[in-house]
Amino acid sequence: MTTMNNSLTKTEFSFPGQTAVYHGKVRDVYTINDDLMVMVATDRISAFDVILPKGIPFKGQVLNQIAAKFLDATKDICPNWKLATPDPQVTVGLKCEGFRVEMIIRGILTGSAWRDYQKGVREICGVKLPEGMRENERFPEPIITPTTKADEGHDLNISKEEIITQGIVSREDYEVMEDYTRRLFARGQEIAAKQGLILVDTKYEFGKRDGKVYLIDEIHTPDSSRYFYADGYEEKFAKGEPQKQLSKEFVRQWLIEHNFMNEPGQQMPEITDEYAESVAERYIELYEHIVGEKFDRTTDQSDINARIEKNVTEWLKSKA
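Since the model is a prediction, treat every value here as computed from it, not as a measurement. (Residues numbered from 1 in each chain as written. Predicted model: local features only at pLDDT ≥ 70, side-chain atom pairs only at ≥ 80, totals over all residues. Heavy atoms only, no water.)

Student: Mind showing me how you'd approach the environment of Asn80 here?
Tutor: Along the chain, the position of Asn80 falls in the loop between helix H1 (59-73) and strand S6 (82-87). Separated by 29 residues in the primary sequence, Asn80 and Ile51 have C-alpha atoms spaced 28 Å apart. Once residues within four sequence positions are removed from consideration, Asn80 is found in contact with Leu71, Lys75, Tyr214 and Leu215. Here the side chain of Asn80 touches Leu71 through a polar contact of 2.9 Å, landing on its backbone oxygen. A polar contact is formed between the side chain of Asn80 and the backbone nitrogen of Lys82, at a distance of 3.0 Å. (Helix = DSSP H or I, 4+ residues; strand = E, 2+ residues; numbered from the N terminus. Contact = heavy atoms within 4.5 Å. Polar contact = N/O pair within 3.5 Å; in protein donor to acceptor, adjacent residues only side chain to side chain.)

Student: How should the packing of helix H6 (residues 249-257) against helix H7 (residues 273-291) be read in this particular structure?
Tutor: Angle between the axes and distance between the axes: these two values describe a pair of packed helices. Two elements in contact, H6 and H7, have axes separated by 11 Å at closest approach and are oriented at 150°. Considering the angle they form, H6 stands roughly antiparallel to H7. For the pair formed by H6 and H7, the contact residues are Phe250, Val251 and Trp254 on the first element and Tyr275, Val279, Arg282 and Tyr283 on the second. The residue inventory of the contact of H6 with H7, partitioned by class, reads six nonpolar, no polar and one charged. (Axes fitted to C-alpha atoms, helices over the stretch in contact; angles between N-to-C directions. Parallel < 35°, antiparallel > 145°, perpendicular 65-115°, else oblique. Nonpolar A, V, L, I, M, F, W, Y, C, P; charged D, E, K, R; others polar.)

Student: Mind showing me how you'd approach the pattern of salt bridges here?
Tutor: Should their charged atoms come close, side chains of opposite charge can pair. Per the stated rule, a full pass over the model turns up 26 salt bridges. Across the pair Arg27 and Glu218 runs a salt bridge whose closest N-O atoms are separated by 2.7 Å. Of the two residues, Arg27 is situated in strand S2 (residues 27-32) and Glu218 in the loop between strand S15 (212-216) and strand S16 (225-229); the sequence distance between them amounts to 191 residues. Between Lys69 and Glu293 there is a salt bridge; the shortest N-O distance is 3.3 Å. (Salt bridge = Lys/Arg side-chain N within 4 Å of Asp/Glu carboxyl O.)

Student: Would you explain the pairing of S2 in this entry?
Tutor: Within a regular strand, the side chains alternate between the two sheet faces. Across the six residues that make up S2, a large majority, six, are buried. The alternating pattern of S2 places Arg27, Val29 and Thr31 and Asp28, Tyr30 and Ile32 on opposite faces, both of which are buried. Pairing between strand S1 (residues 18-23) and S2: five bridges, direction antiparallel. Bridge pairing in S2 places Tyr22 opposite Val29. Note: S2 against strand S3 (residues 36-41), six bridges, orientation antiparallel. Bridge assignment links Tyr30 to a residue of S3, and that residue is Val38. (Buried < 20%, exposed > 50% of the residue type's maximum accessible area, 1.4 Å probe, protein only. Pairing = 2+ DSSP bridges.)

Student: Please clarify how the packing of aromatic side chains should be interpreted in this entry.
Tutor: We describe a pair of aromatic rings using the distance from one ring centre to the other and the angle between the two ring planes. Per the counting criterion, the structure on display carries 11 aromatic pairs. Pairing Phe13 with Phe15 gives two aromatic rings, centres 4.9 Å apart and planes at 25°, and the pair type is stacked. Phe13 gets classed as buried once you look at its relative accessible area, which sits at 6%. Seen from their ring centres, Tyr233 and Phe237 are 6.2 Å apart, and the 10° between their planes marks the pair as stacked. Remark: Phe237 and Tyr233 occur in helix H5 (residues 233-239); sequence separation between them is four residues, near one turn of the helix. (Phe/Tyr/Trp six-rings, centres within 6.5 Å; stacked < 30°, edge-to-face > 60°.)

Student: Explain the nonpolar core to me, please; I cannot follow it from the model alone.
Tutor: If you look at soluble globular proteins, the nonpolar side chains tend to sit buried side by side. Phe15, Val38, Leu184, Phe206, Tyr227, Ile290 and Ile308 are the most contacted members of the largest nonpolar core, which has 81 residues in total. Among the elements that take part in this core, H7 stands out by supplying 10 residues, more than any other. Setting aside anything within four residues of it in sequence, one finds Phe206 in contact with Gly98, Phe99, Met103, Met177, Tyr180, Thr181, Leu184, Val213, Tyr214, Leu215 and Ile216. In terms of nonpolar packing, the next biggest core, distinct from the first, is built from 10 residues, Ile124, Cys125, Phe139 and Ile143 among them. (Core = buried A, V, L, I, M, F, W, Y, C linked by side-chain atoms within 4.5 Å.)

Given below as structure tokens:
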């Protein structure tokens, strides 16, 4: 494994033609000539809407490379923003006007939806839920539970009709996004099944460019999706046992066990180097399971900022 110094937690690039920069929770996005976006997947990790105080080695590379592979594997379903991956932690693509909605699709009752269900909630985002469901039970068919994208704090659940009535997205565009969401999820489930995994739930983001709806951002990564191991799923479900999963949920569970859910008065637990490296190993494990290939740890980690700057600048100059 690498040392903790070799994780990318902060970027301050100045690329040729750069017109804007946005530092997100995990990704830093650089706009080039108001036309292209350079998306840098850092090694930051967030949970409960807080960025943890330590980076996770190789996490950015894992996320970026999974997303790139799935963008390529779904481009027959819908157009997407990706043009190239000039660095293991960078995707360059088309700048689109993002919709202020995240399309979340769930195949199984788990996570926050299960926590709500336990409290008696039987309708999420306008979708009625059957009575008598159990944790980790499959829905009769996948349900779409969109959220509005908040600039700060938690994203908020919202129904399809509210989105359209409030003019957040037109009915026409929403129905395109809904159709793409169902088809992308079905493809993701197929690919996961071949690797012995179940794609449980995920989120997609869409944007518009030249009047056309594009899939943007990441897709089917452990930060945006939840995966269960298919082997043992039915048996564990029958016994009411927790599922073995590959997602960021294990980080959330660790924080909950250490009495942290970002509520008033709670203290972030110490993230030791050992814990951060164990998280890195889980991310690499997910990469190898979902992609079905060995993860390449040979990327030069000595100065990640310098490596990215060189690779991206060369790519931009080659396209100028």
